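Coordinate analysis (summary)
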Amino acid sequence: MDTVQITPEDATALVIAAFSAAGMPEDLARPAAQALVLAEQEALPSHGLARVPFYAAQMRTGKVQAQAEPSVTRDGAVIRVDAHYGLAFAAIEAGAQAARDVAKELGVAVVSLTHSHHFGVAGQAVEPFAREGMIAMALANAPAAMAPWGGNRALYGTNPIAFAAPRASGAPLVIDLSLSHVARGKVMLAQKAGTPIPEGWAIDAHGNPTTDADAAMAGTMVPSGGAKGAALALMVELLTAGLAGANFAYQASSLFDDKGPAPDLAHFILVLDPARFAPGFTDRAEAMFAAIEAQDGARLPGARRMSERAARENVIEMSRQLHDTLTALAQG
């Protein structure tokens, strides 16, 4: 495959230009661009630059409100953020800033984001809190991609869950998982490439296992952990859309085309200040981490992503076709 190498800074500028050409102000485009580039640095291309053409097309049709400024209101420890049908990233940033202040004041903060869009890499929403000494957990719903256990019609999203905790030194612990066996974006990339997917990723519209990406996109993803994963996906739906008054997964439109109304998705972030609990959290956490790493072959969750990020600190790679597409979008 013909590829192009580019610095993260140049990639960010290219995405900002593409979104600006679609009508998004730079202050809203920047957090989105940074999140997508960071996904590439973490070797998560399904959540990276391949999303830019979809986002830009949705801005042009109004499925995404390109100029929507997120609004934030507070009620005690509860922070409500309305993305007003824009992209999620500026709304996540606005909610995170409010949550930092509230968690320092009260020891806990809960952020409920409504009328939003694709959450992106969920770990990115919680990692900054851990770098500031706090614990954070994030949940997000997504358009329907998984059937309830025993069913064959998608009702739940792949609904990521992320968790971050501070460490005594170095990068924090970041756990980021999808409640489907794999993220649906990986199936989308296989569909675009015309390649099969591994067994166990998805079932077709008739409830049969499939390795055909087209059939998988028309069917449903397999939940991680079977019935347990499906139950967790329902939990996420209730804590996100249920609390925020947004669309449940089965009501949401696709993130991959510019047709129909806004997806109207929701997110939930819980932030805790460990200093308000029993003293010595970080020391006890390090004892647990050391016990994990003492076992041959064991590693902490998120270690691979941090390694990938370090390897792409100065340069990322994309297909020339995608680079050409982004360049054309940036030129309007």
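Quick caveat: nothing in here was measured; it's all calculated off a predicted structure.

With that out of the way, let us pick up the overall build of the protein chain. The number of helices and strands found in the protein chain is eleven helices and twelve strands. Its C-alpha atoms put the protein chain at 55 × 45 × 40 Å along the principal axes. In the protein chain, which comprises 332 residues, the share counted as buried stands at 51%. Look at the contacts in the protein chain between residues 6 or more apart in sequence, and 68% of them connect residues 24 or more apart. Per element, the accessible surface of the protein chain, about 14600 Å² overall, is 54% carbon and sulfur. Taken together, the 24 basic and 33 acidic charged side chains of the protein chain have centroids lying 3 Å from each other.

This paragraph deals with the packing of aromatic side chains. Scanning the model with the defined rule gives four aromatic pairs in all. Ring centres of Tyr-55 and Phe-89 lie 6.4 Å apart, and the angle between their planes is 50°; this geometry places the pair in the tilted category. You can see Tyr-55 sitting in helix H3 (residues 52-61) and its partner Phe-89 sitting in helix H4 (residues 88-106), a full 34 residues away along the chain. For the residue pair Tyr-55 and Phe-89, the accessibility class agrees, reading buried in each case. Where Phe-248 meets Tyr-250, the ring centres are 6.3 Å apart and the plane angle is 10°; that geometry is what we call stacked. For Phe-248, a relative accessible area of 26% gives the class partly exposed. Linked through ring pairs, Phe-19, Tyr-55 and Phe-89 together constitute an aromatic cluster. Its end group placed over the ring of Phe-129, Arg-100 keeps NZ or CZ at 5.3 Å from the ring centre.

What follows deals with the domain arrangement of the protein chain. A common way to report how large an interface is uses the accessible area buried once the components associate. Domain boundaries assigned for the protein chain yield domain 1 (1-67 + 302-331), domain 2 (91-177 + 233-301) and domain 3 (181-222). On a C-alpha basis, the centres of domain 1 and domain 3 stand 24 Å from each other. Between domain 1 and domain 3, roughly 420 Å² of surface is buried when both sides are summed, and carbon and sulfur atoms account for 83% of that area. Looking only at domain 1, the three residues that lose the most surface to domain 3 are Ser-46, Ala-50 and Phe-54, adding up to 69% of its buried area. For the interface between domain 1 and domain 3, the tally reads zero salt bridges. Between domain 1 and domain 3 we count zero residue pairs in polar contact (both at pLDDT 80 or more) in total. Class assignment for the residues of the side of domain 1 that touches domain 3 results in three nonpolar, two polar and one charged.

What follows is about the nonpolar core. Phe-19, Met-24, Leu-49, Val-52, Met-59, Leu-87 and Leu-326 are the most contacted members of the largest nonpolar core, which has 31 residues in total. Within the residue set of this core, elements represented by two or more residues are helix H1 (8-21), helix H2 (26-41), H3, H4, strand E12 (316-319) and helix H11 (320-330). In terms of residues, this core owes the most to one element, H2, which gives seven residues.

Here we come to the pairing of strand E1 (residues 3-6). Burial along E1 is one-sided: the face carrying Val-4 and Ile-6 is buried and the face carrying Thr-3 and Gln-5 is not. Two strands pair when backbone bridges link them, and E1 and E12 are joined in this way by four bridges, in the antiparallel orientation. When the bridges of E12 are listed, Gln-5 appears paired with Glu-317.

Conventions adopted
Residues numbered from 1 in each chain as written. Predicted model: local features only at pLDDT ≥ 70, side-chain atom pairs only at ≥ 80, totals over all residues. Heavy atoms only, no water. Helix = DSSP H or I, 4+ residues; strand = E, 2+ residues; numbered from the N terminus. Buried < 20%, exposed > 50% of the residue type's maximum accessible area, 1.4 Å probe, protein only. Contact = heavy atoms within 4.5 Å. Areas by Shrake-Rupley, 256 points an atom, 1.4 Å probe, with all protein chains shown as cover. Lys, Arg positive; Asp, Glu negative; His and termini not counted. Charge placed at Lys NZ, Arg CZ, Asp CG, Glu CD. Phe/Tyr/Trp six-rings, centres within 6.5 Å; stacked < 30°, edge-to-face > 60°. Lys NZ or Arg CZ within 6 Å of the ring centre and 35° of its normal. Domains from an automatic or database assignment. Buried area = accessible area lost by both parts, 1.4 Å probe. Salt bridge = Lys/Arg side-chain N within 4 Å of Asp/Glu carboxyl O. Polar contact = N/O pair within 3.5 Å; in protein donor to acceptor, adjacent residues only side chain to side chain. Nonpolar A, V, L, I, M, F, W, Y, C, P; charged D, E, K, R; others polar. Core = buried A, V, L, I, M, F, W, Y, C linked by side-chain atoms within 4.5 Å. Pairing = 2+ DSSP bridges.

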